[in-house]
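Each chain, written out:
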Amino acid sequence: MRYPGRMSEISYRLSIAQPHTHRFQVEIRIPPLVGPLDLAIPAWMPGAYKLVDHARNVRRVEARRLSGPSGATGQASIGPSPDRPRTQAGGPDALLVERLDMHTWRVHGGEGGAIVTYEVFADKLMIHEGQVNADHAFLNGSVAWLAVLNARHLPCRVAVDVPDGWNVVSALDAAEAGGGYWSPDFDALADAPLEAGDFALATVSAAGVRWEIAWHGDTSEQGQSRSRDGRAGRAGANDVLGRICEAIPALAREAVRLLGQAPFSRYVMFFHECQEPGYLNGLEHRTSMAMQGPLDVLSDPTAFFTMVIHEILHAWNGQRMAPLGLFRPGCDYFRPAPTTALWVVEGWTEYFASLLMLRAGLLEPSGYLAHLAETLDAFYRTPGRRCTTLEESSFITWNFGDDRWNGAINYYLKGLLTAFALDVELRVATGGRRSLDDVARELWQRYGDRQAYAPSDVERLAQELLDDAMTEPADRPVGLAGDLAGFFDLHLRSTEDPDFGAIAARLGLKLTVTERATLGLRTSGSNGELKIEGIEAYGPAENAGLQAGDVLVAIAGGTRVTESALTAAIGGSRPGETLVLTFFRNGEMQQTTVALGAVRRHRLTPLPGAQPLLEGYLGTMPEGALIGSRPL
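Notes on the structure follow. From a predicted model like this one, the values you see are computed outputs, not experimental measurements.

Describing the overall build of the protein chain
A count of helical and extended segments in the protein chain gives 17 helices and 31 strands. Compactness check: the protein chain gives a C-alpha radius of gyration of 28 Å against a globular reference of 26 Å for 632 residues, within 12% of the reference. Taking the principal axes of its C-alpha atoms as reference, the protein chain extends roughly 80 × 75 × 50 Å. Residue burial in the protein chain is summarised as follows: out of 632 residues, 55% are buried. Within the protein chain, counting contacts between residues at least 6 apart in sequence, those at least 24 apart form 69% of the total. Surface summary for the protein chain: the accessible area is close to 26700 Å², and the carbon and sulfur share equals 48%.

Things to note about the nonpolar core
One finds Trp-211, Phe-271 and Trp-348 to be the most contacted residues of the largest nonpolar core, which totals 177 residues. When neighbours within four sequence positions are excluded, Phe-271 is seen to be in contact with Ile-213, Ala-214, Trp-215, His-216, Ile-244, Met-289, Met-291, Leu-295, Phe-304 and Val-308. Counting residues in hydrophobic clusters, the runner-up holds 20 residues, among them Ile-532, Leu-546, Ile-555 and Ala-569.

Details of helix H10 (residues 411-429)
The terminal C-alpha atoms of H10 lie 26 Å apart, and with 19 residues this matches the ideal 27 Å at 1.5 Å per residue to within 8%. In terms of residue burial, H10 counts as a mostly covered element, since 18 of its 19 residues are buried. If you check the start of H10, you find a side-chain oxygen 2.8 Å away from the backbone N of Tyr-412, and it comes from Asn-410. Count one or two residues on from H10 and you reach Gly-431, which has phi positive near 65 degrees.

Some details on a negative patch on the surface
On the surface, Asp-402, Asp-403, Glu-536 and Glu-542 cluster together into a patch of negative charge. Position of Asp-402 among the secondary structure elements: in the loop between helix H8 (390-395) and helix H9 (404-407).

Points about the pairing of strand E10 (residues 136-139)
Burial of E10 is two-sided: the residues His-136 and Phe-138 facing one way and the residues Ala-137 and Leu-139 facing the other way are all buried. Pairing between strand E9 (residues 130-132) and E10: three bridges, direction antiparallel. Each residue of the ladder has a partner; that of Gln-131, found in E10, is Phe-138. Between the end of E9 and the start of E10, which pair antiparallel, lie three residues.

Notes on the side chain of Asp-550
Structurally, the position occupied by Asp-550 is in the loop between helix H15 (540-543) and strand E25 (551-555). For Asp-550, a relative accessible area of 1% corresponds to the buried category.

Section: the sheet that holds strand E20 (residues 281-284)
Taken in spatial order, the five strands make up an open sheet running E17-E18-E19-E21-E20, and their pairing is mixed. Looking at which strands have only one partner, the edges of the open sheet turn out to be strand E17 (200-206) and E20. Direction aside, neighbouring strands of the sheet carry axes that sit 15 degrees apart on average. Inspection of the sheet shows strand E19 (residues 266-273) paired to strand E21 (residues 288-293) by six bridges, in the parallel sense. Bridged to Met-269 within E21 is Met-289.

A word on the sheet that holds strand E13 (residues 167-170)
Taking strand neighbours across the sheet as the criterion, the four strands line up as E9-E10-E16-E13 in an open arrangement whose pairing is antiparallel. Pairing within the sheet leaves two strands with one partner each, and these edge strands are E9 and E13. Within the sheet, the average angular offset between the axes of one strand and its neighbour, ignoring direction, is 10 degrees. Examined bridge by bridge, E10 and strand E16 (residues 194-197) share four bridges and lie antiparallel to one another. Residue pairing for E16: Leu-139 is matched across the bridge by Leu-194.

Criteria and thresholds
- Residues numbered from 1 in each chain as written.
- Predicted model: local features only at pLDDT ≥ 70, side-chain atom pairs only at ≥ 80, totals over all residues.
- Heavy atoms only, no water.
- Helix = DSSP H or I, 4+ residues; strand = E, 2+ residues; numbered from the N terminus.
- Rg over C-alpha atoms; globule rule 2.2 N^0.38 Å.
- Buried < 20%, exposed > 50% of the residue type's maximum accessible area, 1.4 Å probe, protein only.
- Contact = heavy atoms within 4.5 Å.
- Areas by Shrake-Rupley, 256 points an atom, 1.4 Å probe, with all protein chains shown as cover.
- Core = buried A, V, L, I, M, F, W, Y, C linked by side-chain atoms within 4.5 Å.
- Expected span 1.5 Å × (residues − 1).
- Polar contact = N/O pair within 3.5 Å; in protein donor to acceptor, adjacent residues only side chain to side chain.
- Patch = residues over 30% accessible without salt bridge, like charges linked within 9 Å, V, L, I, M, F, W, Y side chains within 5 Å.
- Salt bridge = Lys/Arg side-chain N within 4 Å of Asp/Glu carboxyl O.
- Lys, Arg positive; Asp, Glu negative; His and termini not counted.
- Charge placed at Lys NZ, Arg CZ, Asp CG, Glu CD.
- Pairing = 2+ DSSP bridges.
- Axes fitted to C-alpha atoms, helices over the stretch in contact; angles between N-to-C directions.

All quantities given are derived from atomic positions and should not be read as evidence of function.
Right, here's the structure in full:
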């Protein structure tokens, strides 16, 4: 695309005048451009593989001519369609705005420069959404900014007007001149959240990076321990921020040791302490991350810091080193970008997150092995592993079915286990000379922030590194072919369960499996009823003819069904034994006999004897590692 004259910039101004209305206003100053002036708001953001339709909250899009010389090229503007919605604001400089589709607007006559204004409603405190209220504002770039489609590569200047007394922190860097913030292009602008209001802020320097911690909520130890009501409190004592500042240097050191020097000098962590969504939730960006939910930094630091390092690792894996479709600049923010490689983007990141917690001394070896075992527990509890391969699960994440985990495997979950299995394969085949660390580093070196990779490139790279490490026949262990094709076919393209016991044993670990009885359903109780909310596909309740919506009323013998009574009946039985259940369906009482199924519980322990491979894998960190003076 050609541009008249010298390179220009797009200027954005965000104004929050009445935050209690949940609305903010944006003004965009657009220089003269060649071609139609089309603007669109992203329908999704990298890292959140779902169409969110941010355009649903954009309104009052209006435009007027930019004052001064037009710089117009003389190209004729494409006329509006009489069958699309149009807006014509008043005044002699007003320009006609036509809505082309659900997320795109065309400004007619704006080729000589235009000022576009619009309003956005935002009241969802979610990692991929935005919220403005009387207390604060948290805005993702994809929620706030319309992209000038034929000028996405132009630099952007951003000004932010907020109520008196509010502070602002943005993932964008401050502009060197003229005030506000600066972005090299729209991709970076859309990827940069901001927080405004009264929040706690702390900084720590580590691994050549300035880490900024913006915490919206109560930072006191008392605030961490009391019940949350969903409202953010004022920043209290620095117990929480101090603990985070203690942990970040160790995590940053291990991330850099794994993948190399950080490709950023400043990184912002946005934390929102709230009850919703009831669990930890996080989203990565190129120079920042956002987390929300019950942020139990003090009472459950393992879960908290594992997610923190997961999102930090994404600054390398996923945000800069990305597969076709997700690589920026230039990815399509307005349509799904399916890929089979989320087992690398998310599965590897999940795997290395817990491994780096171990290496950083924030997790003991026994805790790390327990985490792997719990991942196996969750894997075998997912019926969808029998329906959908790991590659397909990645590909369809944009449009999962209504019965999600009954019909698909979680690519975080199986991706982690596949990463573990590949790590073991490489370590065993090369006598510990190669590991998944080497594959991740080489993938970063070859692709990094330069070009997208095809999913097949990852398989070829792993095979190449394995071949390079096994150049001499004597190095090849007996019975190992050294060909990873079968490995990838099994783990990525098959619904067959891998033999994780055999995989663990090769590393020097014993996998112990125990079973307990299960009905294979989820219930909720209210008004004295126990209603079935969900049924496990292919499980015992489904096989017995039960369905979601049925109301359980009695167990054989006339015992009234309550949550505790049902739990006791199942807990006192063994897999294969039966329970007779009475239930109501559409007001009719029915009865069925359920043959109880089995839930697997896994435990990983070192095999007896010296295990050099296992020692190399787990390291020599002693039990009882500390962060500061308190064990995690």
